[in-house]
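Structural features, examined
Residues per chain, in single letters:
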Amino acid sequence: MTTRPPITLSIAGTDPSGGAGIHADLKTFTARKTMGTTVITALVAQNTHGVSRVYPVDVDFVADQFDSVLGDLPVDATKSGMLGSRDLVELVVARAAEGRLGFFTVDPVMIATSGHRLLETDAVDAVRTHLLPVADLITPNLPEAALLISDDEPEAQTTEAMRDQAGRLLERGPGAVLLKGGHGSDDEVIDILATSDGQVREFTHPRVTTMNTHGTGCTLSAAITAEVAVLGRERAAAAGGPADPAAPTGKDRSRAAIGSDLLGEAVGNALDFLARALNSAADWQLSLDPEGAHGPVDHQVDIVRDRPA
Ligand SMILES: Nc1ncnc2c1ncn2[C@@H]1O[C@H](COP(=O)(O)OP(=O)(O)O)[C@@H](O)[C@H]1O
Ligand SMILES: Cc1ncc(COP(=O)(O)O)c(N)n1
């Protein structure tokens, strides 16, 4: 009998300094016990001080990367991060519609914490109208949620307003919305998960006092994606079902297989992992020029280091 680990895919841009984007995603996929694969959308020169330049990858080469991964490997769950342009958003929508991405998390990355635009303005509408409906889960932060509702929607300032916006985003067609409250300033961070079966869950964590929050959104969406892959395969094995169905896993199929209880468990596990990673790196000073630097979280927090730091 052959076996295989859960397989995850990240569609995103790079971060050579290792804290965000594809780099954060692959580390997280590994830390959360899946085999990570990637489709790279843009090469980004960035570090803990911000983005200096974006070098977009040609659409046809992104398509070739999709063919390489999806033509060969049975992907259990996928996340998208930085897509950059409208053409790339449309390509990802087309690939999602083919039904080989497994459970599909969309992190609607628009602007880096440092303020640099990572999604062209004319691509926002394609995300709203075409990408959201093919997602099983979207994970906007407070400014992204407002912009995905409309150009003049204000950012939510209260938990009630977050619940309301999560509900309105569900109307755009994703299977679930995790509205992240990391951009607030309260002592507690509240994240709201609303699913299309009408359930709403609130997750609360103490705010960690740290400058090292670069890549938290990437890490969280990758961790949720990995958890869904792991839990989904565990459930399928426990139910005696085929681990690798011959038919593609279409949108309806992955939504049906991943109920809101499993998704709630996956989000809870992923947020706990992120809290450990944030706490572990809270006092890190990595940059040669620490003033104003936003360092990464500790993706390795659960992996024993056998040498002194
Ligand atoms: N200082 C912090 N303390 C605790 N959790 C945080 C902190 N900053 C971010 N998080 C967690 O990381 C998640 C993603 O962060 P957020 O800033 O909302 O998104 P993004 O990185 O996409 O802008 C939040 O939902 C929250 O759970
Ligand atoms: C390639 C890439 N994707 C996403 C982010 C957002 O991360 P953050 O909001 O923490 O800067 C980033 N900086 N770079």
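This one's a predicted model, so the numbers in the text were calculated from it and none came from an experiment. (Residues numbered from 1 in each chain as written. Chains lettered and ligands numbered in written order. Predicted model: local features only at pLDDT ≥ 70, side-chain atom pairs only at ≥ 80, totals over all residues. Heavy atoms only, no water.)

**What about helix 1 (residues 21-31)?**
Note the following rule: Relative accessible area decides the class of each residue, using a 1.4 Å probe on protein chains only: under 20% of the type maximum gives buried, over 50% gives exposed, and in between gives partly exposed. Helix and strand assignments come from DSSP, with helices taken as H or I runs of at least 4 residues and strands as E runs of at least 2, each series counted from the N terminus. Contact definition: two residues touch when any of their heavy atoms are within 4.5 Å.
Turning to helix 1, its buried residues number three or more, namely Gly-21, Ile-22, Ala-24, Asp-25, Thr-28, Phe-29 and Ala-31. In this structure, the buried residues of helix 1 make contact with strand 1 (7-13), strand 2 (35-47), strand 4 (77-80), helix 7 (216-238) and helix 9 (260-280). A positive backbone phi angle near 70° is found at Lys-33, which sits one or two residues after helix 1.

**As for the packing of helix 7 against helix 9**
For clarity, the cut-off: Every angle, taken between N-to-C directions, lies between 0 and 180 degrees, and every axis is a line fitted to C-alpha atoms, over only the stretch in contact when it is a helix. Any angle that is under 35 degrees is reported as roughly parallel, and any over 145 degrees as roughly antiparallel; angles of 65 to 115 degrees are reported as roughly perpendicular and all others as oblique. Handedness of a crossing is defined here by the sense of rotation of the near helix relative to the far one, left-handed for an anticlockwise turn of less than a right angle and right-handed for a clockwise turn. The classification used treats Ala, Val, Leu, Ile, Met, Phe, Trp, Tyr, Cys and Pro as nonpolar, Asp, Glu, Lys and Arg as charged, and all other residues, Gly among them, as polar.
Running from N to C, helix 7 and helix 9 cross one another at 135°; their axes reach a closest spacing of 8 Å. By the criterion of interaxial angle, the relationship of helix 7 to helix 9 is oblique. Here helix 7 and helix 9 pass one another in a crossing that is right-handed. Residue-level inspection shows Thr-216, Thr-219, Leu-220, Ala-223, Ile-224, Glu-227, Val-228, Leu-231, Gly-232 and Arg-235 of helix 7 in contact with helix 9, the latter providing Asp-261, Leu-262, Leu-263, Glu-265, Ala-266, Val-267, Asn-269, Ala-270, Leu-271, Phe-273, Leu-274 and Leu-278. Broken down by class, the residue content of the contact of helix 7 with helix 9 amounts to 14 nonpolar, 4 polar and 4 charged.

**Things to note about the site of ligand 2**
For clarity, the threshold we go by: If even one non-hydrogen atom of a residue comes within 4 Å of a molecule or strand, that residue is called near it. We call two N or O atoms a polar contact when they sit within 3.5 Å, provided that within protein one can donate a hydrogen and the other can accept it, with sequence-adjacent residues counted only if both atoms are side-chain atoms. Only the protein chains shown count as cover for residues, with accessible areas throughout obtained via the Shrake-Rupley method and a probe of 1.4 Å.
Near ligand 2 lie 13 residues; those nearest to it are Gly-13, Thr-14, Gln-46, Thr-113 and Gly-215. At 2.9 Å from a nitrogen atom of ligand 2 is found a side-chain nitrogen or oxygen belonging to Gln-46. Thr-113 has a polar side-chain atom sitting 2.9 Å from an oxygen atom of ligand 2. Considered on its own, ligand 2 offers 360 Å² of accessible surface; in the complex 91% of this is hidden by protein. For the shell around ligand 2, a count of residues per class yields 6 nonpolar, 7 polar and no charged.

**What about the UniProt feature "domain: Pyridoxamine kinase/Phosphomethylpyrimidine kinase" (unreviewed entry) in the protein?**
Inclusion rule: UniProt positions are given in the numbering used here, feature names are shortened, and annotations may be inferred rather than shown by experiment.
Those residues carrying the UniProt feature "domain: Pyridoxamine kinase/Phosphomethylpyrimidine kinase" (unreviewed entry) are residues 15-229 in this numbering. Annotated as 37% helix and 23% strand, the span residues 15-229 places its first and last C-alpha atoms 24 Å apart.

**A word on the environment of Ile-40**
As for its position among the elements, Ile-40 is in strand 2. For Ile-40, a relative accessible area of 22% puts it in the partly exposed group. Considering only alpha carbons, one finds Ile-40 and Gly-13, 27 residues apart in sequence, at a separation of 5.6 Å. The residues touching Ile-40, leaving out its near neighbours within four places in the chain, are Ala-12, Thr-14, Ile-22, Val-57, Val-62 and Gln-65.

**Notes on helix 5 (residues 142-149)**
Of all 8 residues that make up helix 5, 6 are buried, and the element is covered over most of its length. Every buried residue of helix 5 is listed here: Leu-142, Glu-144, Ala-145, Ala-146, Leu-148 and Ile-149. One side-chain oxygen of the residue at the start of helix 5 lies 2.9 Å from the amide nitrogen of Glu-144, identifying that residue as Asn-141.

**Quick notes on the site of ligand 1**
Around ligand 1 sit 15 residues in total, of which Asn-141, Lys-180, His-183, Asp-191 and Val-208 are the nearest. Contact between ligand 1 and Val-208: a nitrogen atom at 2.8 Å from a main-chain N or O atom of the residue. Isolated, ligand 1 exposes 550 Å² of accessible area, and the fraction of that covered by the protein chains is 90%. Secondary structure elements with two or more residues in the shell around ligand 1: strand 8 (188-195), helix 7 and helix 9. Considering every element that reaches the shell around ligand 1, the biggest residue donor is helix 9, with 3 residues. Split by residue class, the shell around ligand 1 holds 6 nonpolar, 6 polar and 3 charged.

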